[in-house]
Amino acid sequence: MLNIALPKGRLGDQVYTLFSQIGFECAAIYENDRKLVLESPENDVRYLLVKPSDVAIYVEYGAADVGVVGKDILLDANPDVYELLDLGIGKCRLAVAGPEDYQEDRERVLRVATKFSTVTKKYYSSLNREIEIIKLNGSIELAPILGLSDVIVDIVESGKTLKENHLKVLETIIPISARLIANRSSYLFKNDVISKMTVQLQEVLAK
Ligand code: PRP
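Residues numbered from 1 in each chain as written. Predicted model: local features only at pLDDT ≥ 70, side-chain atom pairs only at ≥ 80, totals over all residues. Heavy atoms only, no water.

**Here's the deal with the site of the ligand**
So, step 1. The environment of the ligand is formed by K115, G138, S139, E141, D154, I155, V156, E157, S158, G159, K160 and T161.
So, step 2. In the environment of the ligand, an oxygen atom lies 2.7 Å from a nitrogen or oxygen atom belonging to the side chain of D154.
So, step 3. For the ligand, whose unbound accessible area comes to 490 Å², protein coverage reaches 64%.
So, step 4. Among the elements that line the shell around the ligand, the one with the most residues is strand β9 (residues 151–156), at 3 residues.
So, step 5. Per-class residue counts for the shell around the ligand are 2 nonpolar, 5 polar and 5 charged. (Near = heavy atom within 4 Å. Polar contact = N/O pair within 3.5 Å; in protein donor to acceptor, adjacent residues only side chain to side chain. Areas by Shrake-Rupley, 256 points an atom, 1.4 Å probe, with all protein chains shown as cover. Helix = DSSP H or I, 4+ residues; strand = E, 2+ residues; numbered from the N terminus. Nonpolar A, V, L, I, M, F, W, Y, C, P; charged D, E, K, R; others polar.)

**Focus on the environment of D86**
So, step 1. With respect to the helices and strands, D86 occurs in strand β5 (residues 82–86).
So, step 2. For the pair formed by D86 and A56, sequence separation is 30 residues and the distance between their alpha carbons is 15 Å.
So, step 3. Dropping the residues within four chain positions of it, D86 is found in contact with S177, A178, R179 and L205.
So, step 4. A distance of 2.9 Å separates a polar side-chain atom of D86 from the backbone nitrogen of G88.
So, step 5. For D86, the side chain forms a polar contact with the side chain of S177, separated by 2.8 Å. (Contact = heavy atoms within 4.5 Å.)

**Looking at the side chain of D150**
So, step 1. On the secondary structure map, D150 appears in the loop between α6 (142–145) and β9.
So, step 2. A polar side-chain atom of D150 sits 3.2 Å from a polar atom in the side chain of R108.
So, step 3. Polar side-chain contacts of D150 include one of 2.8 Å to the backbone nitrogen of R111.
So, step 4. Once you skip the residues sitting within four places of it in the chain, D150 turns out to touch G98, P99, Y102, R108, V109, L110, R111 and P144.

**Here we look at helix α9 (residues 191–206)**
So, step 1. With 16 residues, α9 should reach 22 Å at 1.5 Å per residue; the first-to-last C-alpha distance of 22 Å fits that figure.
So, step 2. Residues of α9 that are buried include every one of I194, M197, T198, L201 and V204, and no others. Seen end-on, α9 carries its buried residues on one side only, within an arc spanning 130°. In α9, the exposed positions that point more than 90 degrees away from the buried face belong to D192, K196 and A206.
So, step 3. Each element contacted by the buried residues of α9 is listed here: β1 (2–7), α1 (10–20), β4 (66–70), β5, β11 (178–182) and α8 (184–189). (Expected span 1.5 Å × (residues − 1). Buried < 20%, exposed > 50% of the residue type's maximum accessible area, 1.4 Å probe, protein only. Arc of directions from axis to C-beta.)

This is the structure we're talking about:
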């Protein structure tokens, strides 16, 4: 049986649609919205519904054989997994954003609010810019509004959240999309099924 860590939410719905097209249908997914483990014995698949930011942890520790996770999380957490395929969904970008009237003051240490500390540190160190990170877990856009930070580093998809909060993109750091990842030993011991799955997904995506 293949264990798939599926991110809960909109990305997970898109991923399931994709996976069901290559033979990993699981009718139970539509029957119960509280169960976190859903199986289809006839298709030899078990879905684990996990928080998007936890997918890579389940896969790294082998609780799931494969999973789908945003490149943003892979870049920041750097889990010990194989990254097999860019699924081209969940597209967005990781960007620096700040108030609409933001003026950079290079004399001061920049205060940056973000969930993505590793990527943020790396980005600013490549610019030789001294920063102080304010680690938040969500609603990052609030930080510059309340003066908690000068700027934020966060995901921008439609740009609506920034606009509604009178913020704008100052720099794009990197484009992001969802990736298929695999546990290292599962990739060895379940190689047939995981390789076949990767090829079939490539075919579906190419259509
Ligand atoms: C993400 C991100 C932004 C928003 C961007 O937040 O952190 O807040 O989506 O999307 P947009 O450009 O289409 O408006 P999420 O919904 O994941 O919630 P969070 O505040 O908990 O991070």
